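# Overview (structure and organization)
Take a look at the letters that make up each chain.
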Amino acid sequence: HSFPTRRSSDLDDGLMSRSAAMLDRWRGSRGGGSGPVLERVRDRLADDLDTPGALEAIDEATANGEDVTEACALIGVNLG
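In this report, we go over the structure that sits alongside the text. Remember, it's a predicted structure, so these values are computed and weren't measured experimentally. (Residues numbered from 1 in each chain as written. Predicted model: local features only at pLDDT ≥ 70, side-chain atom pairs only at ≥ 80, totals over all residues. Heavy atoms only, no water.)

## Remarks on the overall build of the protein chain
Broken down by element type, the protein chain carries 4 helices and 0 strands. Counting only residues that meet the buried cut, the protein chain has 22% of its 80 residues in that class. A separation of at least 24 residues holds for 66% of the contacts in the protein chain among residues at least 6 apart in sequence. Here the protein chain has roughly 5500 Å² of accessible surface; of this, 52% comes from carbon and sulfur atoms. (Helix = DSSP H or I, 4+ residues; strand = E, 2+ residues; numbered from the N terminus. Buried < 20%, exposed > 50% of the residue type's maximum accessible area, 1.4 Å probe, protein only. Contact = heavy atoms within 4.5 Å. Areas by Shrake-Rupley, 256 points an atom, 1.4 Å probe, with all protein chains shown as cover.)

Put into structure tokens, the structure is as follows:
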């Protein structure tokens, strides 16, 4: 089994600001209606630990007005 490695192109000067903005969006979702995001995140993680897919699922759910608190907790992000 081979594991992907990080490339310097994976990291750039805007990464921290984009990540902080994403976290702010997620925090803003608290109190919204719950949807299928938790199951989607579980599915992504069950698929060879597809973390980028899990993050994308959370971000899409946020854009759809879903509360992503539980999904974030599943990946170790406390929105509190």
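After presenting the structure, the write-up continues.
## Focus: helix α3 (residues 51–63)
Look at α3: 18 Å from first C-alpha to last across 13 residues, which is about the 18 Å you get at 1.5 Å a residue. Of the positions making up α3, those classed as buried are Gly53, Ala54, Ala57, Ile58, Ala61 and Thr62. Against α1 (15–28), α2 (37–46) and α4 (69–74) lie the buried residues of α3. Near the N-terminus of α3, the side chain that reaches the backbone nitrogen of Gly53, with its oxygen 2.9 Å away, is that of Asp50. Within two residues after α3, Gly65 carries a phi angle of roughly 85°, on the positive side. (Expected span 1.5 Å × (residues − 1). Polar contact = N/O pair within 3.5 Å; in protein donor to acceptor, adjacent residues only side chain to side chain.)

## Focus on the side chain of Glu66
Relative to the helices and strands, Glu66 resides in the loop between α3 and α4. Among buried Asp, Glu, Lys and Arg side chains, Glu66 stands out as unpaired, with Arg40 the closest opposite charge at 5.7 Å. Reaching out from Glu66, the side chain makes a polar contact with the backbone nitrogen of Val37 at a distance of 3.4 Å. In contact with Glu66, not counting residues within four places along its chain, are Ser29, Gly33, Gly35, Pro36, Val37 and Ala61. (Lys, Arg positive; Asp, Glu negative; His and termini not counted. Salt bridge = Lys/Arg side-chain N within 4 Å of Asp/Glu carboxyl O.)

## Structural notes on the side chain of Thr62
Counting through the fold element by element, Thr62 comes out in helix α3. Given a relative accessible area of 14%, Thr62 falls into the buried group. If near-sequence neighbours (up to four positions away) are discounted, Thr62 is found in contact with Arg25, Trp26, Ser29 and Val68.

## Quick notes on the packing of α2 against α3
Across the interface, α2 lies against α3 with an axial gap of 8 Å and an inter-helix angle of 165°. The angle between α2 and α3 places the two elements in the roughly antiparallel class. When the axes of α2 and α3 are compared, the crossing they make is right-handed. Here Val37, Arg40, Val41, Arg44 and Leu45 of α2 come into contact with α3, specifically with Thr51, Gly53, Ala54, Ala57, Ile58, Glu60 and Ala61. Class assignment of the residues belonging to the contact of α2 with α3 gives a composition of 7 nonpolar, 2 polar and 3 charged. (Axes fitted to C-alpha atoms, helices over the stretch in contact; angles between N-to-C directions. Parallel < 35°, antiparallel > 145°, perpendicular 65-115°, else oblique. Left-handed = near helix turned anticlockwise from the far one by under 90°. Nonpolar A, V, L, I, M, F, W, Y, C, P; charged D, E, K, R; others polar.)

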